[in-house]
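Coordinate inspection notes
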Amino acid sequence: MNPMLSDDTVAGLPLSLGRAELLEEIMSTPVLDDRPATTPPAGRSSRWLAPVAVAAAVALLVAVTAWWGSGYGPGGESGADGIASAPAPERDYRAILDAPGWTVENVYADSHGGELSYAKGEQSFEINWYPAASYDDYVEDRRHITDPPSDGEPVEVLDLDARMWAYSDTDHTAIREPAAGHWLEVRGGGMDRAAYLALLGELRLVDEQAFEAAMPATFVDGSERDAAIEEILAGIRRYVDPVIPPGSQRVGFSSDQNDPYHLGADVAGAVACEWLADFAEAHRAGDQRRMDRAAAALATARQWPVLQQMEADGDYPEAIYGYADEVAAGQVPEGYADGLGCEG
Amino acid sequence: MTDGREETFRRLYAAHFDAVLGFALRRTERPEDAADVTADTFLVAWRRLAHVPAGQEQRPWLYGVARRVLANHRRGDRRRTHLGERLRRELAAAVPDVSDGVVQRADVTAAMRRLSARDQEVLELHLWEGLEPREIAEVLGLTTVVVRPRLSRARARLRDLLGNDPEAGGHVPSRQPQLTREERP
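All figures in this text were calculated on a predicted structure; none of them were measured in a lab. (Residues numbered from 1 in each chain as written. Chains lettered and ligands numbered in written order. Predicted model: local features only at pLDDT ≥ 70, side-chain atom pairs only at ≥ 80, totals over all residues.)

1. Quick look at the overall build of chain A
For chain A, the count of helices and strands is 13 helices and nine strands. The buried share among the 344 residues of chain A stands at 47%. Within chain A, residue pairs in contact and separated by at least 24 positions form 63% of the contacts whose partners lie at least 6 positions apart. (Helix = DSSP H or I, 4+ residues; strand = E, 2+ residues; numbered from the N terminus. Buried ≥ 20, exposed ≤ 12 C-beta atoms within 10 Å, placed from the backbone. Contact = placed C-beta atoms within 7 Å.)

Next comes the structure, spelled out in structure tokens:
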């Protein structure tokens, strides 16, 4: 095995001739493909660019303890029945894994698509859904999993054609053709090809209701969401009342998240954004009293129950605390809007 | 147009050659293999220059390419090109003489080998390349939401094996100041 050299050490190796020669050799080879990329090459992560802050900050380690029970969640069954009897045009685009022993680790969905990940011991299985418009770009990106690029191995996923590529012997991904305005990518790790293919057969397309029903008990479904948001706000209101600065244009709070952590980040983040924007505006105007008011509101963030509950699961609360500290020091935090995913 | 392309590539090559070669050296058996992985990685970058992102996303993108090249090499698909012959020779001569300047202690490397491949990979990118979860996500084609808990779990497992946190004693920072910056939340 080569020694684990640091880049510094590598930079000091006597390779100048070889390094220069390789550069010239490469540039003397023909250019095969010079079309500009329409999406970043790291395909899958591109959809996180818009809500990048939320994606980056909303780290989580959701300690989901709920299991699928026997492996057949109530939603899974109804969803499966619906699909089995409906070969006609699909309406559902979300998929769940309907296999024993697999635990939901994480779910995230927004207007760009969604992600549902499962774990079983060291194995992982991730289901992503995206709007159909991005299909070609992702396929092109995945073609480069292999060198030279390839169209992947044809497989079938949920009765539609799909292409499969192997990142390694135990890490495979498949992209299913668009249907119902969306397409699916399914990636399995820690398992061989046969096990992965077997799991593809355990996927079920489900509607929104069945999807929510298949989530663990800790997840907040659509019918519970408004109450959950109100509860979060009530907790914050104990320390900041009114919850948002006077004069704010915000009308209510909303979220399309199912996961308590993400939901909490949406709501607490929106509150923090309002006060940070208020502070920035006051700072520009030189309005010290207004600055103090905003700083005082943000200074209570460490006491907001929702953030305290989220602390064990990720770094989002820390991000808000950090901004609050900067505001307390009289500074407008640089990049806070991107950092927290503030709207507008 | 061609000149502009060449200039862009020269800059890319100059900025990231050591990092890509270091990435390859830390993951291959022989210096010659690392030279091949480096040559193939930059060949992909040359051919797909229009796809290479700008700024700080460049290095994770190159690592992502190198990772796929490496996977092909491991499958036995060695030496797709015959580029970099001199680099192979120079590297084969130079590497065995180096005994310090390594990124981590041998016991940490041994402990990491006991983890799953998935845990190993995120830890390597974090400890060896100094990448933050967002950059690891770029390399692996995953989202940060997936990478962050995975990294956290992998670190905990490694800590359990070692009895301490590997970064405390084992990590000698390598030269990626622009990549070890604090991640924006």
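We are not done yet, so read on.
2. Examining the environment of Leu123 of chain B
Residue and element names in this part refer to chain B. Mapped onto the elements of the fold, Leu123 is located in helix H6 (residues 117-127). In this structure, the C-alpha to C-alpha distance between Leu123 and Met112, residues 11 residues apart in sequence, is 8.1 Å. In this view, Leu123 contacts Met112, Ala154, Arg155 and Leu158; residues no more than four positions away in its chain are not counted.

3. Concerning unusual backbone geometry
All names here are of chain A. The omega torsion of the bond from Asp241 to Pro242 falls at 5°, within 30 degrees of zero and hence cis. Mapped onto the elements, Pro242 comes out in the loop between helix H8 (222-237) and helix H9 (260-285). Of note, the phi angle at Leu158 is positive, near 50°, even though the residue is not glycine. Relative to the assigned elements, Leu158 resides in the loop between strand E5 (153-157) and strand E6 (160-168). Positive phi outside glycine occurs at Asp159, with the angle close to 65°. You can see Asp159 is positioned in the loop between E5 and E6.

4. Describing the pairing of E5 of chain A
All names here are of chain A. Bridge count for E5 against E6 is five bridges, and the pairing is antiparallel. For Pro154, the partnering residue across the bridge sits in E6 and is Arg163. Hairpin connection from E5 to E6: two residues lie between these consecutive antiparallel strands, with Leu158 at a positive phi of about 50°. (Pairing = 2+ DSSP bridges.)

5. Digging into the packing of helix H2 (residues 16-27) of chain A against helix H2 (residues 31-47) of chain B
At a minimum axis separation of 10 Å, H2 of chain A and H2 of chain B run at an interaxial angle of 40°. Viewed along their axes, H2 of chain A and H2 of chain B adopt a mutual orientation that is oblique. Between H2 of chain A and H2 of chain B lies a crossing of right-handed hand. For the pair H2 of chain A and H2 of chain B, contact is made by Leu22, Ile26 and Met27 of chain A and by Ala39, Phe42, Leu43 and Trp46 of chain B, respectively. Across the contact of H2 of chain A with H2 of chain B, the residue classes break down as seven nonpolar, no polar and no charged. (Axes fitted to C-alpha atoms, helices over the stretch in contact; angles between N-to-C directions. Parallel < 35°, antiparallel > 145°, perpendicular 65-115°, else oblique. Left-handed = near helix turned anticlockwise from the far one by under 90°. Nonpolar A, V, L, I, M, F, W, Y, C, P; charged D, E, K, R; others polar.)

6. A short note on the nonpolar core
Counting residues in each nonpolar core, the largest one holds 78 residues, and the members touching the most others are Ala268 and Ala272 of chain A. The leading source of residues in this core is H9 of chain A, at 14 residues. Taken together, domain 1 (7-214) and domain 2 (225-340) of chain A each give at least three residues to this core, which thus spans both. Residue contacts for Ala268 of chain A: discarding those within four places in its chain leaves Ile232, Ile236, Trp304, Val306, Leu307 and Ile320 of chain A. One finds Phe42, Val44, Ala45 and Leu151 of chain B within the second-largest nonpolar core, a separate group that totals 57 residues. (Core = buried A, V, L, I, M, F, W, Y, C linked by C-beta atoms within 7 Å. Domains from an automatic or database assignment.)

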